[in-house]
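Residue-level structure breakdown
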2 protein chains.
Amino acid sequence: MRKGEQTRSKIMDIAEAAILAKGFDATSIEEIIEEVDITKSGFFYHFKDKNSLAIALLRRYIDREEALFDKLFGRAAELHEDPLHAFLIGLRLFAEMMSDLPTIHPGCLVAIYCYNERLYNNEIRSLSQESALAWRARFQEILEEIAAKYPTKDEVDLVALADMISSTFEGGIAMSKILRDQNVLPDQILLLRSYIKLLFLD
Amino acid sequence: MRKGEQTRSKIMDIAEAAILAKGFDATSIEEIIEEVDITKSGFFYHFKDKNSLAIALLRRYIDREEALFDKLFGRAAELHEDPLHAFLIGLRLFAEMMSDLPTIHPGCLVAIYCYNERLYNNEIRSLSQESALAWRARFQEILEEIAAKYPTKDEVDLVALADMISSTFEGGIAMSKILRDQNVLPDQILLLRSYIKLLFLD
DNA sequence: GGTAAAACTGCACTTGCGGTACGGAAATGA
DNA sequence: TCATTTCCGTACCGCAAGTGCAGTTTTACC
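Residues numbered from 1 in each chain as written. Chains lettered and ligands numbered in written order. Predicted model: local features only at pLDDT ≥ 70, side-chain atom pairs only at ≥ 80, totals over all residues. Heavy atoms only, no water.

**A look at the interface of chain A and chain B**
As a reminder of what qualifies: It only takes one pair of heavy atoms within 4.5 Å for two residues to be counted as in contact. Values labelled buried area give the accessible surface lost by two parts on being combined, using a 1.4 Å probe and summing over both. A side-chain nitrogen of Lys or Arg and a carboxyl oxygen of Asp or Glu constitute a salt bridge if their distance falls within 4 Å. The term polar contact refers here to a pair of N or O atoms within 3.5 Å; inside protein, the definition further demands a hydrogen-donor-capable atom paired with an acceptor-capable atom, and it admits residues adjacent in sequence only when both atoms are side-chain atoms.
Contacts between chain A and chain B engage 51 residues on the former and 51 residues on the latter. Taking both partners together, chain A and chain B bury about 4,500 Å²; carbon and sulfur atoms supply 62% of that area. For the pair chain A and chain B, the number of links is two salt bridges. Among the salt bridges present, the one from Asp-154 of chain B reaches Lys-197 of chain A, with a minimum N-O distance of 3.2 Å. At the junction of chain A and chain B, the tally comes to 16 residue pairs in polar contact (both at pLDDT 80 or more).

**Considering the packing of aromatic side chains**
For clarity, the cut-off: Note on aromatic pairs: the rings of Phe, Tyr and Trp (six-membered ring only in Trp) are paired at centre separations within 6.5 Å, and the planes decide the class, stacked below 30 degrees, edge-to-face beyond 60, tilted for the rest. Partly exposed describes any residue whose relative accessible area lies between the buried limit of under 20% and the exposed limit of over 50%, with all areas from a 1.4 Å probe on protein chains only and scaled to the type maximum. By definition, any uninterrupted DSSP run of H or I lasting at least four residues is a helix, any uninterrupted run of E lasting at least two residues is a strand, and each is numbered from the N terminus.
Under the counting rule described, the total for this entry stands at 22 aromatic pairs over all chains. Taking the centre distance of 5.2 Å and the plane angle of 85 degrees together, the rings of Phe-43 of chain A and Phe-44 of chain A count as edge-to-face. The exposure class of Phe-43 of chain A is buried, given its relative accessible area of 0%. Exposure remark for Phe-44 of chain A: the relative accessible area of 37% places this residue in the partly exposed category. A centroid spacing of 5.9 Å and a plane angle of 80 degrees characterise the contact between Phe-24 of chain B and Tyr-113 of chain B, whose relative ring orientation is edge-to-face. Separated by 89 residues along the polypeptide, Phe-24 of chain B in the loop between α1 (3-22) and α2 (29-36) and Tyr-113 of chain B in helix α6 (residues 109-114) bring together distant segments of the chain. By relative accessible area, which is 4% here, Phe-24 of chain B ends up buried.

**So, the protein's contact with DNA strand C**
Threshold: Being near a molecule or strand, for a residue, comes down to having at least one heavy atom within 4 Å of it. The nonpolar class holds Ala, Val, Leu, Ile, Met, Phe, Trp, Tyr, Cys and Pro. Asp, Glu, Lys and Arg form the charged class, and all remaining residues, Gly among them, are polar.
Taken together, 18 residues are adjacent to DNA strand C, and Thr-7, Thr-39, Ser-41 and Tyr-45 of chain A together with Lys-50 of chain B come closest. Per the 4 Å cut-off to the protein, sugar and phosphate atoms form 61% of the nearby atoms of DNA strand C. At a separation of 2.6 Å, a phosphate oxygen of DNA strand C approaches a polar side-chain atom of Thr-39 of chain A. Mapped onto the surface near DNA strand C, the elements with two or more residues apiece are α1 (3-22) and α3 (40-46) of chain A together with α2 and α3 (40-46) of chain B. Here the element with the most residues in the surface near DNA strand C is α3 of chain A; it accounts for four residues. Here the residues of the surface near DNA strand C are counted per class, giving four nonpolar, eight polar and six charged.

**Description of the domain arrangement of chain A**
Residues and elements named next belong to chain A. Rule in force here: In this document the domain limits rely on a domain assignment from an automatic tool or a database.
Under the domain assignment, chain A is made up of domain 1 (1-47) and domain 2 (58-200). At the interface, eight residues of domain 1 touch twelve residues of domain 2. A per-residue breakdown of the area domain 1 buries against domain 2 is headed by Glu-16, Leu-20 and Phe-24, which together make up 60% of the total. Linking domain 1 with domain 2 are two salt bridges, by the criterion used here. Between Glu-16 and Arg-60 there is a salt bridge whose closest N-O contact spans 3.6 Å. A class-by-class count of the residues in the side of domain 1 that touches domain 2 yields four nonpolar, one polar and three charged.

**Brief notes about the environment of Asp-157 of chain B**
Residue position: Asp-157 of chain B is located in the loop between α7 (122-149) and α8 (158-179). In this structure the side chain of Asp-157 of chain B is engaged in a polar contact, spanning 3.2 Å, whose partner is the backbone nitrogen of Val-159 of chain B.

**Things to note about the relation of the copies chain A and chain B**
Short version of the rule: Fitting of the copies onto one another was done by least squares over C-alpha atoms, counting residues only where both copies have pLDDT of at least 70.
After a rotation of 180 degrees and a shift along the axis of 0.0 Å, chain A superposes on chain B with an RMSD of 0.1 Å. Here the two chains are linked by the operation of a two-fold rotation axis. Within chain A, the C-alpha atom positioned nearest to the axis of rotation is that of Gly-171 of chain A, 1.8 Å from it. With an isologous cut-off of 70% or more, the 100% of interface residues of chain A that recur at the interface of chain B puts this contact in the isologous class.

**A few points about the protein's contact with DNA strand D**
The immediate surroundings of DNA strand D are formed by 18 residues, with Ile-29 of chain A together with Thr-7, Thr-39, Ser-41 and Tyr-45 of chain B found nearest. Here the atoms of DNA strand D within 4 Å of the protein split so that 61% fall in sugar or phosphate, with bases taking the remainder. Between DNA strand D and Ile-29 of chain A there is a distance of 2.8 Å, counted from a phosphate oxygen to a backbone nitrogen or oxygen. For DNA strand D, a base oxygen lies 2.5 Å from a polar atom in the side chain of Ser-41 of chain B. Residue assignment for the surface near DNA strand D shows that the elements contributing at least two residues are α2 (29-36) and α3 of chain A together with α1 and α3 of chain B. Sorting elements by how many residues they give to the surface near DNA strand D places α3 of chain B first, with four residues. For the surface near DNA strand D, a count of residues per class yields four nonpolar, eight polar and six charged.

**Focus on the pattern of salt bridges**
Under the counting rule described, the total for this entry stands at 24 salt bridges over all chains. A salt bridge links Lys-48 of chain A to Asp-49 of chain A; the shortest N-O distance between them is 3.7 Å. The partner of Asp-82 of chain B in a salt bridge is Lys-149 of chain B, and the shortest N-O contact between them spans 2.5 Å. Linking Asp-82 of chain B in the loop between α4 (50-79) and α5 (83-99) with Lys-149 of chain B in helix α7, this pair joins segments that are 67 residues apart in sequence. By relative accessible area, which is 52% here, Lys-149 of chain B ends up exposed.

**Quick look at unusual backbone geometry**
Positive phi, close to 55 degrees, is recorded for Arg-180 of chain A, a residue that is not glycine. Among the structural elements, Arg-180 of chain A can be located in the loop between α8 (158-179) and α9 (184-200).

Right, here's the structure in full:
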């Protein structure tokens, strides 16, 4: 890795942690550069303004989430050939992962940006929407495979059900933060899992 | 209503709308006073600083939500004497109300503050936590009444299940905003309703 | 080991916003 | 009428974002 990339990712690491902890506007460039130990000019060498830092962070965050889900549900598919049971395993792995975090979940960047909308960040809005649509497509595919094999016990829209995974994630993180209770998020994922189970299984 | 209260609530109305639309920090005092048509001195006569405006807004918001839930599930209890069916009716009324909004849901102030944590707002954190605990207590009571009559089809923690209502609300709002689709929130509430149905009813 | 490009530093400046201070004026209500 | 409430006007401070640019060091590569 070249030196510039190193500094750039160090800026991003420190900025992301601060933003998740305090919010975007509450995080000043000055505090970031102090922790990274560079000057303001150095910062603006890597990012043309604060907004472009925000976009870079969001892209990286989305990619990482994507990779995480790939790994999680890929592993689950290895553990069971049936789509429903594989999905149920995936959800449990997901809950366990959220439960094993050292502290409360640091928060979702997409949610932070969605609650800090500005006029100048159309790109951020589009990126967020696209990633949410990608999550929807991912889970919709899984659910359709399941629904083809297992009839549902209640009439549901599979698209809405696909969104329920993201919604549970976002809601669970928010409630974990509000209640200051780390267990809320994994508990909510397990309730979602319980619903999937009751909906498709006997 | 006295003149001062009028101005005060006008400030709060305009501030709340702007904050929900753009975020707390992105909303400047200067733009608020311009729309209210007062001066900066006028603003600081009513609120000693921006943070105390935030607190006032949060208190009002929490009270309104509380009143809304009272009305919603109170009405539902009038419509059916059985606790489970009353709750299912309440959830449907809730979903309908969210569906009948003229635009996308403006957002939840509690969530906004939870994603804009700062050092100086311990009071905001406490208020948010208290209101979340109040929501939990409200729904926990209902669910225990239901559980006493109907055995659950899956093993679940009733406290987590009570939190699921708030979590679904927060997650649904966030996903509605991210996807820019008004229907996501009511759809998520209906899925929650479907789960409650499958969980307690055969 | 020289050299060009990359990766910064230093500094001076502008703008916008939150917030303070305080005197005074106008509206309101008993 | 008269005190209290509800503001207005103005001048000011400090902080952070962001600009501009010249200069310096560091790195990668032949």
